[in-house]
Amino acid sequence: MRERKSGKSNLQQQSQESDHNSHSSPFKLAKLLDPDATWDKDQLCDVLHWIRQALALVFGLVWGAIPLVGGIWFLLYFVLSTTIIYTYYAIVLKIDEEDFGGHTALLQEGLFASVCLFLVCNLHISSFLKQVTSNLPT
């Protein structure tokens, strides 16, 4: 009877381990800050793309709410987002950029979409706030 129980518990343990392994994703959030992690080109490009989109959303909303509009603020967004992306992959992750196509390929990952998102957020928020404040009674 003991053999039967241990056999049953082994089956349950294996089943739980396989359930645990099937539900865990191959990508872990801790990998985002781990300089020893291995990256393939698609994973790194996806991460850089989505970081840039998040930056565009935050900068667009904040600068639209202040409102900071004009070419100088657009250039400042471009410089800041590019600097943050470069700092992330070169200093935080410490990867060799030549393995991923060089600086140009990594720095332009998600750039066009983030510029569009930044402009849309910035212009919509600043226009909305201008409309709301112009309709306030004095």
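Residues numbered from 1 in each chain as written. Predicted model: local features only at pLDDT ≥ 70, side-chain atom pairs only at ≥ 80, totals over all residues. Heavy atoms only, no water.

## Remarks on the overall build of the protein
Which entries qualify depends on this criterion: Put simply, DSSP marks the helices as runs of H or I at least four residues long and the strands as runs of E at least two long, and each gets a number from the N terminus on. The buried label goes to any residue with under 20% of its type's maximum accessible area, the exposed label to any with over 50%, and the partly exposed label to all in between, with areas taken from a 1.4 Å probe on protein chains only. Contact definition: two residues touch when any of their heavy atoms are within 4.5 Å. Values of accessible area rely on a 1.4 Å probe in the Shrake-Rupley scheme; residue burial ignores everything except the protein chains shown.
Within the protein, the regular secondary structure consists of 5 helices and 0 strands. Helices (α) and strands (β) of the protein occur, in sequence order from the N terminus, as α-α-α-α-α. Across the 138 residues of the protein, 27% fall into the buried class. The contacts of the protein with a sequence gap of at least 6 include a subset with a gap of at least 24, amounting to 72%. Split by element, the accessible area of the protein, about 9,700 Å² in all, is 63% carbon and sulfur.

## Looking at the UniProt feature "transmembrane region" (unreviewed entry) in the protein
Our working rule: UniProt positions are given in the numbering used here, feature names are shortened, and annotations may be inferred rather than shown by experiment.
Under the UniProt annotation, the feature "transmembrane region" (unreviewed entry) is placed at residues 47–66, 72–93 and 105–125. Along residues 47–66 the backbone is 95% helical and 0% strand, and the end-to-end C-alpha distance reaches 29 Å. What you have in residues 105–125 is 86% helix and 0% strand, and the ends, taken at the C-alpha atoms, are 31 Å apart.

## So, helix α3 (residues 71–92)
Heads up, the condition is: Expected helix span is given by 1.5 Å per residue-to-residue step, counting one fewer step than there are residues. What the arc measures is the spread of directions leading from the helix axis to the C-beta atoms.
Along its 22 residues, α3 runs 30 Å from first to last C-alpha, staying within 8% of the 32 Å computed at 1.5 Å per residue. Those residues of α3 lying buried are Y77, S81, T82, I85, Y88 and Y89. Taken end-on, α3 shows its buried residues confined to a sector of 125°, consistent with a single buried face. Exposed residues on α3 whose side chains face more than 90 degrees from its buried face are I72 and I91.

## Section: unusual backbone geometry
Residue P67 is reached from I66 by a cis peptide bond, and omega for that bond is -20°. When you line up the elements, P67 lands in the loop between α2 (41–65) and α3. Phi is positive for K94, close to 55°, though the residue is something other than glycine. On the basis of relative accessibility, which here comes to 61%, the residue K94 falls in the exposed class.

## Let's talk about the side chain of K31
Let me state the cut-off plainly: A residue counts as positive if it is Lys or Arg and as negative if it is Asp or Glu; His and the chain ends are not included. For this analysis, a salt bridge means a side-chain nitrogen from Lys or Arg found within 4 Å of a carboxyl oxygen belonging to Asp or Glu. In the analysis that follows, any N or O atom pair within 3.5 Å is treated as a polar contact, provided that within protein one partner can donate a hydrogen and the other can accept it, and provided that, for residues neighboring in sequence, both atoms belong to side chains.
Turning to its location among the elements, K31 is positioned in the loop between α1 (2–23) and α2. At 6.0 Å, D40 is the nearest oppositely charged side chain to K31, a buried residue that forms no salt bridge. Within the structure, the side chain of K31 is placed 2.8 Å from the side chain of Q43, a separation counted as a polar contact. Ignoring sequence-local partners within four residues, the contact set of K31 consists of A37, T38, W39, Q43 and L93.

## Observations regarding the packing of aromatic side chains
Our working definition: A pair of Phe, Tyr and Trp rings is counted when the ring centres sit within 6.5 Å of each other, with Trp represented by its six-membered ring. The angle between the planes then sorts it: under 30 degrees is stacked, over 60 is edge-to-face, the rest tilted.
Per the stated rule, a full pass over the model turns up 7 aromatic pairs. Geometrically, the ring pair formed by W63 and W73 is edge-to-face, given 6.1 Å between the ring centres and 65° between the ring planes. Note that W63 is positioned in helix α2 and W73 in helix α3, a separation of 10 residues in sequence. Taking relative accessible area as the criterion, W73 reaches 30% and is therefore assigned partly exposed.

## Regarding the nonpolar core
As a reminder of what qualifies: Here, nonpolar core refers to any group of buried Ala, Val, Leu, Ile, Met, Phe, Trp, Tyr and Cys residues whose side-chain atoms link them within 4.5 Å.
Judged by nonpolar contacts, A37, W39, L44, V47, L48, I85, Y88, Y89, L93, I95, F100 and L106 together constitute the single largest core of 12 residues. Those elements that place two or more of their residues in this core are α2 and α3. Grouped together as the second largest cluster of nonpolar side chains are 9 residues, L55, W63, L68 and L111 included.

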